[in-house]
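Residues per chain, in single letters:
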Amino acid sequence: MKAFDPIADSYDRWYDSPEGSAIFRAESACLALICAERRGRWLEVGVGTGRFASALGIETGIDPSPRMLELAARRGVKTCEGRAEALPFEAGSFDGALLALAFCFIADPEQALRECHRVLRPRGRLLLGVIPGDGPWGRAYERKGAEGHPVYAHARFRPGKEIVRLAERAGFELKKAASALFWEPESPPEADPLIRSGIVPEAGFLGLLFAKTD
């Protein structure tokens with residue numbers, strides 16, 4: 001969304017802070033663990049400033065924020081301006097799609113998941129990185145959003161099981177899951193990120209790998 005244009009640079013710089021870099025290491029390691037091979041053509045929906053696409057080797061990204069796309073392009077991502085609910089690509093264009101932290105900012109996530117299903121080839125994979133609303137980090141971010149935080153005020157954090165159900169209704173089957181962020185918000189981060197298999201209730205981040213079923 002264009003509301004992120006004024007804060008794109010400060011948002012991106014946060015990832016270079018001690019807290020931001022530790023969180024990014026944990027989240028990107030979690031996603032890489034459950035989807036080690038990302039062959040073929042991949043798209044990141046809600047690419048933001050391109051941090052995840054660059055780290056995971058995803059070449060194409062779409063986002064509604066022009067300024068964030070400028071920063072993503074500097075990281076070598078092929079960018080396209082657009083919305084998750086109306087992807088400007090033909091059906092069956094990609095082998096995989098990533099939504100890393102974008103899910104909570106999408107106005108109509110069910111439509112976005114249907115669009116991901118449409119643009120994926122048969123047996124294509126959908127990789128979600130989400131902050132579950134029923135976890136400690138989701139609850140902390142919701143409080144910040146209620147207080148007017150420039151980023152989290154635009155977010156809606158859903159429970160992990162609800163996100164899985166939405167993806168299943170859109171034609172996906174959950175294949176793998178892993179969890180990360182096991183330190184409390186506002187506490188010193190882990191020196192080495194702990195990644196646990198499955199959906200762990202006390203985790204602050206979930207990596208969910210789905211396969212297209214039809």
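Before any of the text, the structure's been laid out above.
Residues numbered from 1 in each chain as written. Predicted model: local features only at pLDDT ≥ 70, side-chain atom pairs only at ≥ 80, totals over all residues. Heavy atoms only, no water.

## Focus on the overall build of the protein chain
Thought 1: Check the secondary structure of the protein chain and you find seven helices and eight strands.
Thought 2: For 214 residues, the compact-globule estimate of 2.2 N^0.38 gives 17 Å, and the C-alpha radius of gyration of the protein chain, at 16 Å, lies within 12% of that figure.
Thought 3: Principal-axis analysis of the C-alpha atoms gives the protein chain an extent of 45 × 35 × 30 Å.
Thought 4: Classification of the 214 residues of the protein chain by burial places 53% in the buried group.
Thought 5: Taking all contacts inside the protein chain whose residues are at least 6 apart in sequence as the whole, residues at least 24 apart take part in 70%.
Thought 6: For the protein chain, the accessible area works out to roughly 9,600 Å², and carbon and sulfur atoms hold 50% of it. (Helix = DSSP H or I, 4+ residues; strand = E, 2+ residues; numbered from the N terminus. Rg over C-alpha atoms; globule rule 2.2 N^0.38 Å. Buried < 20%, exposed > 50% of the residue type's maximum accessible area, 1.4 Å probe, protein only. Contact = heavy atoms within 4.5 Å. Areas by Shrake-Rupley, 256 points an atom, 1.4 Å probe, with all protein chains shown as cover.)

## Some details on helix H5 (residues 109–119)
Thought 1: Of the residues making up H5, those classed as buried are Pro109, Ala112, Leu113, Glu115, Cys116, His117 and Val119.
Thought 2: Looking at the buried residues of H5, the elements they touch are strand E1 (42–45), strand E4 (94–100), strand E5 (120–130), helix H7 (160–169), strand E6 (172–180) and strand E8 (205–212).

## Observations regarding the sheet that holds E6
Thought 1: The eight strands lie next to each other as E3-E2-E1-E4-E5-E8-E6-E7, forming an open sheet whose pairing is mixed. In the strand order of this sheet, the two ends are held by strand E3 (78–81) and strand E7 (196–197), each with one partner.
Thought 2: With two bridges connecting them, E6 and E7 associate as antiparallel partners. Opposite Ala178, over in E7, you have Ser197 as the bridge partner. (Pairing = 2+ DSSP bridges.)

## Let's talk about helix H2 (residues 18–34)
Thought 1: Between its first and last C-alpha atoms H2 spans 25 Å; for 17 residues at 1.5 Å apiece the expected length is 24 Å, and the two agree.
Thought 2: Of the residues making up H2, those classed as buried are Gly20, Ala22, Ile23, Phe24, Ala26, Glu27, Ser28, Cys30, Leu31 and Ile34. (Expected span 1.5 Å × (residues − 1).)

## Remarks on unusual backbone geometry
Thought 1: The backbone phi angle of Leu101 is positive, close to 75 degrees, even though this residue is not glycine.
Thought 2: Note on placement: Leu101 falls in the loop between E4 and H5.
Thought 3: For Arg123, which is not glycine, the phi dihedral falls at a positive 65 degrees.
Thought 4: Along the chain, the position of Arg123 falls in strand E5.

## Here's the deal with the pattern of salt bridges
For side chains of opposite charge, pairing can occur when their charged atoms come near one another.
Thought 1: Considering all chains together, one arrives at 14 salt bridges under this definition.
Thought 2: Between Glu70 and Arg67 there is a salt bridge, with the nearest N and O atoms lying 2.5 Å from each other. Of this pair, Glu70 and Arg67 both sit in helix H4 (residues 66–74), separated by three residues, roughly a single helical turn.
Thought 3: Between Glu202 and Arg196 there is a salt bridge, with the nearest N and O atoms lying 3.3 Å from each other.
Thought 4: On the basis of relative accessibility, which here comes to 44%, the residue Glu202 falls in the partly exposed class.
Thought 5: A relative accessible area of 36% places Arg196 in the partly exposed class.
Thought 6: Put simply, Asp12, Asp16, Arg51 and Arg75 are held in one network by salt bridges that share partners. (Salt bridge = Lys/Arg side-chain N within 4 Å of Asp/Glu carboxyl O.)

## Description of the packing of aromatic side chains
Thought 1: One pass over the full model with this rule turns up twelve aromatic pairs.
Thought 2: Both rings, one in Tyr11 and one in Tyr15, keep their centres 5.5 Å apart while their planes meet at 80 degrees; by these two values the pair is edge-to-face.
Thought 3: Look at Tyr11 and you get partly exposed, because its relative accessible area is 23%.
Thought 4: Taken together, a centroid distance of 4.1 Å and an interplanar angle of 10 degrees make the contact between Tyr141 and Tyr152 stacked. Of this pair, Tyr141 sits in helix H6 (residues 136–146) while Tyr152 sits in the loop between H6 and H7, placing them eleven residues apart in sequence.
Thought 5: Counting every residue linked through ring pairs, the aromatic cluster contains Tyr11, Trp14, Tyr15, Phe24 and Phe52. (Phe/Tyr/Trp six-rings, centres within 6.5 Å; stacked < 30°, edge-to-face > 60°.)

## So, the pairing of E1
Thought 1: Side chains of E1 alternate between two faces, with Trp42 and Glu44 and Leu43 and Val45 buried alike.
Thought 2: Direction of pairing for E1 relative to strand E2 (residues 60–63): parallel, over a ladder of three bridges. Residue pairing for E2: Val45 is matched across the bridge by Ile62.
Thought 3: What joins E1 to E2 is helix H3 (residues 51–56), and the crossover it makes is right-handed. (Right-handed = clockwise from strand over helix to strand, strands pointing away.)

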